[in-house]
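# Residue-level structural notes
As a plain string of letters, each chain reads:
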Amino acid sequence: MEDFYRELSEELEKLKAQAIYREFRTVENSASQWVVAGGGELLNLCSNNYLGIANHPLLKDASVDAINRYGSGATSSRLIIGNYDLYEEAEREIARFKNTESALLFNSGYVANIGTIAAIIGRGDLVLSDKLNHASIIDGILISRADHIRYRHCDLTNLENHLKHASYKRKMIITDSVFSMDGDLAPLPGLVELKEKYGAILMIDEAHGSGVFGANGRGLAEYYGVSERIDINMGTLGKAFGCAGAYVAGKKVLIDYLKNKARSLIFTTGLPPSTVASINAALKVVRDEGWRRDSVLSKAKLMRDRLGRAGFNTLNSQSQIIPLVIGYDRAALEFSRRLYEENILAPAIRYPAVPKKMARIRLSIMATHQLDDLEWALERIERIGRETGVIG
């Protein structure tokens, strides 16, 4: 065992030498636009709490009431005795929100993706996955043991070339809707056309789109008007919805199938009652407080425009996620450290979360950010960019 622990230590030292070693940072008030960390107050520019509702009174009250009524845990898998009425209420509301026949809750987005993908496809099938898809999608494909092609990012011509030569009975196209590290949007109308032309299944991950995009916050599929042509619509509830967990929405036969085949659902304890109750409350807030969508998207556009004019490479961001490409991992760490000194919390994103030499600062905008605070941050980000040579 001494050899084993020595090997672990050596591997950690390699990560440190490559500037990709990671540690947790303890913060207070993570749901707020200002957080306390390291004894100081910092502007939070890295949260996925896009609508700013993680600390909404309705969500908190619903959670507390559920604990008082049901206790703190589900106590078992939903297929045993973990399926209380709150679950069924939440799934009905999610299906109504997504305008689908049915919906199914999972414990997290990661769990939803690996369970759904591995249940739907397997040996002898083909998955065509956008090159920049989330790690949970990639891992779900690996678990499924299906053949796997990564098509060029958002490149419909490249995808169609692969589909033309695919002689598989079951083909699945999978894409993020809003890409978590680049902030750009998947070409869903074109993907729908290709999946229908070549008889493929289309699964989308709305983790960063649901709640934010679309007239009703249903996600990028609603924004593009293609919701009814998506076969498998997955999304998370720990980002714009301010809770935890994830859903898959679609036809009833699909949901019934996943209840019987998705191992990550079957072999795990259900979500706590407090979480499921807060999901129900979050759906109401997202439905009733549409100003939050307008606010986050308008503030994100302001930030993107200013940072782009200043000379930062924000890639093709069109969302509340704004990357500032720095390049090398150490340079991104140094940029993040300089921001921290200015009381701005925005960690460096490094390999393997992004490709090598594409390290970046990933800014996330919230509906509850104050314009004065964002202006204050922009001044400091631009100054550090000039002083570090990131911009001219």
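See the structure above.
Residues numbered from 1 in each chain as written. Predicted model: local features only at pLDDT ≥ 70, side-chain atom pairs only at ≥ 80, totals over all residues. Heavy atoms only, no water.

By volume, the second largest pocket amounts to about 470 Å³. In this structure, the second largest pocket is lined by 24 residues; those nearest its centre are I230, D231, I232, G250 and K251. For the lining of the second largest pocket, the per-class residue count stands at nine nonpolar, five polar and ten charged. (1 Å grid on protein atoms, 1.4 Å probe; cavity = no way out; pocket = protein on both sides within 12 Å on 5 of 7 lines; lining within 4 Å. Points joined across faces, edges and corners; volume = space filled by probe spheres on them. Nonpolar A, V, L, I, M, F, W, Y, C, P; charged D, E, K, R; others polar.)

Turning our eyes to something else, we now look at helix α6 (residues 156-164). For α6, the set of buried residues is N158, L159, E160 and L163. The N-terminus of α6 is capped by D155, whose side-chain oxygen sits 3.1 Å from the backbone nitrogen of T157. (Buried < 20%, exposed > 50% of the residue type's maximum accessible area, 1.4 Å probe, protein only. Helix = DSSP H or I, 4+ residues; strand = E, 2+ residues; numbered from the N terminus. Polar contact = N/O pair within 3.5 Å; in protein donor to acceptor, adjacent residues only side chain to side chain.)

With omega at 10 degrees, the peptide bond leading from Y351 into P352 counts as cis. Position of P352 among the secondary structure elements: in the loop between β12 (348-349) and β13 (359-364). The backbone of T75 sits at a positive phi, close to 75 degrees, despite the residue not being glycine. Its place among the elements puts T75 in the loop between α2 (57-70) and α3 (85-98). Taking the relative accessible area as the measure of exposure, T75 reaches 64% and is therefore exposed. Non-glycine residue C154 carries a positive phi angle of around 55 degrees. Take C154: it is sitting in the loop between β5 (147-151) and α6.

Moving on: the sheet that holds strand β11 (residues 344-345). Spatially, β1-β2-β11 is the arrangement adopted by the three strands of the open sheet, whose pairing is mixed. This sheet does not close on itself; its edge strands, each paired only once, are β1 (34-37) and β11. (Pairing = 2+ DSSP bridges.)

Our focus in this paragraph is the sheet that holds strand β9 (residues 246-250). Ordered by their spatial adjacency, seven strands build an open sheet running β3-β9-β8-β7-β6-β4-β5, and the pairing between neighbours is mixed. In this open sheet, the two strands that pair with only one neighbour each are β3 (102-106) and β5. Averaged over all adjacent pairs, the angle separating strand axes in this sheet is 20 degrees, with direction ignored. Where strand β8 (residues 232-236) meets β9, four bridges bridge the pair, whose relative direction is antiparallel. Residue T236 lies in a different strand from β9, and its bridge partner there is A246. Packed on one face of the sheet, α3 meets β3, β8 and β9 and runs near 125 degrees to β3. (Axes fitted to C-alpha atoms, helices over the stretch in contact; angles between N-to-C directions. Contact = heavy atoms within 4.5 Å.)

L45, I173, I279, I361, L363 and I381 are the most contacted members of the largest nonpolar core, which has 84 residues in total. In terms of residue count, helix α11 (residues 273-288) provides more of this core than any other element does, eight residues in total. Setting aside its immediate chain neighbours within four residues, I173 contacts L128, Y151, L159, L163, L191, K195, A200, I201, L202 and M203. V111, I120, I121 and I141 belong to the second largest nonpolar core, which has 24 residues in total. (Core = buried A, V, L, I, M, F, W, Y, C linked by side-chain atoms within 4.5 Å.)

A few words on the side chain of R292. As for its position among the elements, R292 is in helix α12 (residues 291-310). The residues touching R292, leaving out its near neighbours within four places in the chain, are L51, G52, I53, H56, V285, A367 and T368.

Moving on: the pairing of strand β7 (residues 201-205). For β7, the tally of buried residues reaches four of five residues, placing the bulk of the element in the interior. Summarising the sheet, strand β6 (residues 171-176) and β7 pair through five bridges and their orientation is parallel. If you follow M172 over to β7, its bridge partner there is I201. Summarising the sheet, β7 and β8 pair through three bridges and their orientation is parallel. Across the sheet, the residue bridging to I204 is N233, located in β8.

Remark: α12 packs on helix α14 (residues 371-388), axes separated minimally by 11 Å, with the N-to-C direction vectors making an angle of 20 degrees. Comparing the axis directions of α12 and α14 gives the class roughly parallel. Crossing geometry of α12 relative to α14 is assigned as right-handed. From α12, K299, L302, M303, R306, L307 and A310 reach across to α14, where they touch L371, L374, E375, L378, I381 and E382. Of the residues contributing to the contact of α12 with α14, the split by class is eight nonpolar, no polar and four charged. (Parallel < 35°, antiparallel > 145°, perpendicular 65-115°, else oblique. Left-handed = near helix turned anticlockwise from the far one by under 90°.)

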